[in-house]
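Close look at the chain arrangement
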Amino acid sequence: MSLLVFLEQHEQAFSPGSLGVLTKAAALDTDVAAVLVGNEELEPLAREAGRYGATTVFTAVDASASPLPGPRIDILAELVRRFPNFDTILFSNSVLAADVAAGLAARLDAGINWDLVDLEFRDGQPLGKQPMLQESELAEVGWRSPQRIALFRAGSFEAVPAATEHEPMVESLTVAFAAHTLAARVIERTLRVDEGPSLADADVIVAGGIGLGSAEGFELAEELAAVLGGTVGATRAAVYKGWYSASAQVGQTGKTVSPKLYVALGISGAVQHKVGMQSSKMIVAINKDPHAPIFEFSDLVVVGDVHTIVPELVELLRKHAG
Ligand SMILES: Cc1cc2nc3c(=O)[nH]c(=O)nc-3n(C[C@H](O)[C@H](O)[C@H](O)COP(=O)(O)OP(=O)(O)OC[C@H]3O[C@@H](n4cnc5c(N)ncnc54)[C@H](O)[C@@H]3O)c2cc1C
């Protein structure tokens, strides 16, 4: 059994998630290989990967200006063809990594387990841990295929450099890309610029959760934020439903905020949300459930329907503006 870690890098900086996966792999096996792809000088990054436990780092050039999944799939597939002992390939989830892992699984006819948060070996076999039942349980998942692919949630493992430095063996690979791979190119990249104060700087945050009911329901949060001169936050559950932008997510896997006023609309108050906002100076929660956990750490609680209370509140605040 041999572990191979896909190291994602952008403009000569590793994504912290993939270094975390490398740290984990090195804790499981003393002989871990990693693969690095890019259009620039990769040797310094490969050496850095050695600090996180890679004993061998394969580097390969992808001449395209922006990272695309295709060349990475070709490179990994070729690597596994040349070294079939790499039977367990690990990724930290990202938009790019998910595409590469899925494409590689198809190419190798390999089993893929995704959304994993941990990995261990039992009786010589890898076993992934996957949250299920709304995150309340951890399922153990295995692979039936000889080649296995694991995609971990970003942030599952901390990237920790080894106490003792060792130089990895760096091997550069030349891979002939498939014609369809070369046909794809990035036409344009745009950066989304959020309006209003950033979550980190906002004095007032109006955050919405599942209780808002829909993406349109977030207009209530926006209206209240506008009248209070604040910005909008969201729970992960609402973000996952596509109701609001991921950049607005507050909590363990989102942003940590401490505004003067945090208004929580239809948010239950799960611990993963609480850790991101509990240091707010004043927390006001509106929830129709009188037993909602968020009430336990709120300064002002309002039991009721957000769809009734928020429009009235907005009107009242507008009347008294200034
Ligand atoms: C590893 C991990 C990381 C996570 N990271 C985060 C994170 O960073 N941020 C985060 O937020 N979550 C995170 N979560 C998810 C978290 O556990 C909760 O699932 C999530 O916070 C719940 O979001 P919610 O409060 O919007 O939804 P729910 O828990 O479904 O709560 C909805 C609430 O709305 C109320 N409600 C419903 N209708 C109305 C109405 N009309 N009027 C008023 N109230 C109403 C309900 O009574 C309920 O209390 C994470 C989970 C895990 C396992």
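As the structure is a computational prediction, the values presented were derived from the model and not from experiment.

**Details of the pairing of strand E5 (residues 54–61)**
Judged by how many residues are buried, E5 sits mostly within the fold: 6 of 8 residues are covered. As paired strands, strand E4 (residues 32–38) and E5 are joined by 7 bridges and run parallel to one another. Of the residues in E5, the one forming a bridge with Leu-36 is Thr-59. Handedness of the E4-helix H2 (residues 43–51)-E5 crossover: right-handed. Strand direction decides the pairing type here: E5 and strand E12 (residues 169–173), joined by 5 bridges, are parallel. Residue pairing across strands places Ala-60 opposite Leu-173, the latter belonging to E12.

**Looking at empty space enclosed by the protein**
Taken as a whole and assessed by the stated rule, the structure comprises 1 cavity of 30 Å³ or more. Phe-6, Leu-7, Glu-8, Gln-9, Val-37, Pro-67, Arg-72 and Leu-96 are the residues that line the largest cavity. When its residues are assigned to classes, the lining of the largest cavity shows 5 nonpolar, 1 polar and 2 charged.

**Thoughts on unusual backbone geometry**
We note that Glu-11 has phi near 50°; this positive angle belongs to a residue other than glycine. Under the relative-accessibility criterion, Glu-11 is labelled exposed at 68%. Phi is positive for Asp-123, close to 50°, though the residue is something other than glycine. Note on placement: Asp-123 falls in the loop between strand E8 (118–122) and strand E9 (125–132). Asp-123 gets classed as exposed once you look at its relative accessible area, which sits at 76%.

**Re the domain arrangement of the chain**
Looking at the chain, the domain boundaries give domain 1 (2–183) and domain 2 (204–319). Inter-centroid distance (C-alpha atoms) of domain 1 to domain 2 is 37 Å.

**A short note on the layout of surface pockets**
Looking at the second largest pocket, its volume works out to about 560 Å³. Lining of the second largest pocket is provided by 14 residues; of these, Asn-93, Ala-154, Tyr-240, Gln-249 and Thr-253 occupy positions nearest its centre. Of all the elements in the fold, those that place two or more residues in the lining of the second largest pocket are strand E7 (111–116) and helix H7 (236–240). With 3 residues, H7 is the largest single contributor of residues to the lining of the second largest pocket.

**A short note on the sheet that holds E4**
Two pairing modes exist for strands in a sheet, parallel and antiparallel, and in both the strands are linked by backbone hydrogen bonds. With respect to topology, 7 strands assemble into an open sheet ordered E7-E11-E6-E1-E4-E5-E12, the strand pairing being parallel. Across the chains shown, the open sheet's two edge strands, defined by having one partner strand only, are E7 and E12. Each strand of the sheet is rotated relative to its neighbour by a mean of 20°, with strand direction disregarded. Here E7 runs beside strand E11 (residues 148–152); their pairing, made up of 4 bridges, is parallel. Paired with Ile-112 across the bridge in E11 is Ile-149. Sitting on the sheet, H2 is in contact with strand E1 (2–7), E4, E5 and E12, with an inclination near 160° to E5. Relative to the sheet, helix H3 (residues 69–82) contacts E1, E4, E5, strand E6 (86–92) and E12, its axis offset from that of E4 by approximately 145°.

Parameters and conventions
- Residues numbered from 1 in each chain as written.
- Predicted model: local features only at pLDDT ≥ 70, side-chain atom pairs only at ≥ 80, totals over all residues.
- Heavy atoms only, no water.
- Buried < 20%, exposed > 50% of the residue type's maximum accessible area, 1.4 Å probe, protein only.
- Helix = DSSP H or I, 4+ residues; strand = E, 2+ residues; numbered from the N terminus.
- Pairing = 2+ DSSP bridges.
- Right-handed = clockwise from strand over helix to strand, strands pointing away.
- 1 Å grid on protein atoms, 1.4 Å probe; cavity = no way out; pocket = protein on both sides within 12 Å on 5 of 7 lines; lining within 4 Å.
- Points joined across faces, edges and corners; volume = space filled by probe spheres on them.
- Nonpolar A, V, L, I, M, F, W, Y, C, P; charged D, E, K, R; others polar.
- Domains from an automatic or database assignment.
- Axes fitted to C-alpha atoms, helices over the stretch in contact; angles between N-to-C directions.
- Contact = heavy atoms within 4.5 Å.

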